[in-house]
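Notes for the structure review
Each chain, letter by letter, is given below.
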Amino acid sequence: MAVIPVEHGLMLATVLFSIGLLGLLVRRNILYMLMSVEIMLNAAGLAFIVAGARWSQPDGQIMFMIILTMAAAEVAVALALVLRFYRQFQTLDTDAANTMRG
């Protein structure tokens with residue numbers, strides 16, 4: 001089994017996190033923003049796994065399971081909000097949210 005250097009794993013996590021952050025900042029569609037957040041969460045999970053493998057500890061895998069659980073809960077709540085947003089404004093563009101009232 002080939003061993004991947006820690007630097008390569010952390011570099012991949014950095015690139016993935018940067019892509020997710022760029023997608024979150026550039027896109028105005030709510031679904032694309034949610035996918036960008038998911039990419040960022042997966043990048044953080046990858047960083048935990050690489051760090052755990054570096055020190056031969058299972059803590060990184062445990063943290064990744066917690067991140068996956070949190071991501072599943074986030075998707076469930078976020079998709080409910082997206083459906084509500086779409087029914088109210090008939091669009092998924094976040095610029096339409098400036099007309100929301102408390």
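Source: prediction; values computed, not measured.

What counts as what
- Residues numbered from 1 in each chain as written.
- Predicted model: local features only at pLDDT ≥ 70, side-chain atom pairs only at ≥ 80, totals over all residues.
- Heavy atoms only, no water.
- Helix = DSSP H or I, 4+ residues; strand = E, 2+ residues; numbered from the N terminus.
- Rg over C-alpha atoms; globule rule 2.2 N^0.38 Å.
- Buried < 20%, exposed > 50% of the residue type's maximum accessible area, 1.4 Å probe, protein only.
- Contact = heavy atoms within 4.5 Å.
- Areas by Shrake-Rupley, 256 points an atom, 1.4 Å probe, with all protein chains shown as cover.
- pLDDT = per-residue confidence, 0-100.
- Core = buried A, V, L, I, M, F, W, Y, C linked by side-chain atoms within 4.5 Å.
- Phe/Tyr/Trp six-rings, centres within 6.5 Å; stacked < 30°, edge-to-face > 60°.
- Lys NZ or Arg CZ within 6 Å of the ring centre and 35° of its normal.
- Expected span 1.5 Å × (residues − 1).

**Details of the overall build of the protein**
- Helix and strand content of the protein: three helices and zero strands.
- Taken over the C-alpha trace, the protein has a radius of gyration of 17 Å; the compact-globule value for 102 residues is 13 Å, which it surpasses by more than 25%.
- By principal-axis analysis of the C-alpha atoms, the protein measures approximately 55 × 25 × 25 Å.
- Within the span of the protein, comprising 102 residues, buried residues form 22% of the whole.
- Pairs at least 24 apart in sequence give 52% of the contacts found in the protein among residues at least 6 apart.
- Total accessible area on the protein stands at roughly 7500 Å², and carbon and sulfur atoms take up 70% of it.

**Remarks on the confidence of the model for the protein**
- Residues at a pLDDT of 70 or more form 95% of the protein, whose mean pLDDT is 92.
- Mean pLDDT values over the elements of the protein span from 93, in helix 3 (residues 59–89), up to 97, in helix 1 (residues 6–26).

**Topic: the nonpolar core**
- Counting residues in hydrophobic clusters, the biggest one holds eight residues: Ile-30, Leu-34, Ala-78, Val-82, Phe-85, Phe-89, Leu-92 and Ala-96.
- Looking at this core, the elements with two or more residues in it are helix 2 (30–54) and helix 3.
- Here the element with the most residues in this core is helix 3; it accounts for four residues.
- The residues touching Ala-96, leaving out its near neighbours within four places in the chain, are Phe-85, Phe-89 and Thr-91.

**Observations concerning unusual backbone geometry**
- Of note, Ser-56 is a non-glycine position whose phi angle comes to about 55°, a positive value.
- With respect to the element layout, Ser-56 can be found in the loop between helix 2 and helix 3.
- By relative accessible area, Ser-56 is classed as exposed at 63%.
- Not every positive phi belongs to a glycine, and Gln-90 is a case in point at roughly 60°.
- Within the secondary structure, Gln-90 is located in the segment after helix 3.

**Here's the deal with the side chain of Ser-36**
- By secondary structure assignment, the location of Ser-36 is in helix 2.
- Apart from residues no more than four positions distant in its own chain, Ser-36 is found in contact with Gly-20, Gly-23 and Leu-24.

**So, the environment of Glu-7**
- The residue Glu-7 is located in helix 1 in this model.
- Counting along the chain gives 43 residues from Glu-7 to Val-50, while the straight-line C-alpha distance between them is 9.0 Å.

**With respect to the packing of aromatic side chains**
- Across all of its chains, the model carries one aromatic pair by this definition.
- Against the face of Tyr-32 rests Arg-27, its NZ or CZ located 4.4 Å from the ring centre.

**Remarks on helix 3**
- Between its first and last C-alpha, helix 3 extends 44 Å over 31 residues, near the 45 Å set by a 1.5 Å rise per residue.
- Turning to helix 3, its buried residues number three or more, namely Gly-60, Ile-67, Ala-71, Ala-78, Val-82, Phe-85 and Phe-89.
- Buried-residue contacts for helix 3 involve helix 2.
- Positive phi shows up at Gln-90, right after helix 3, with a value of about 60°.

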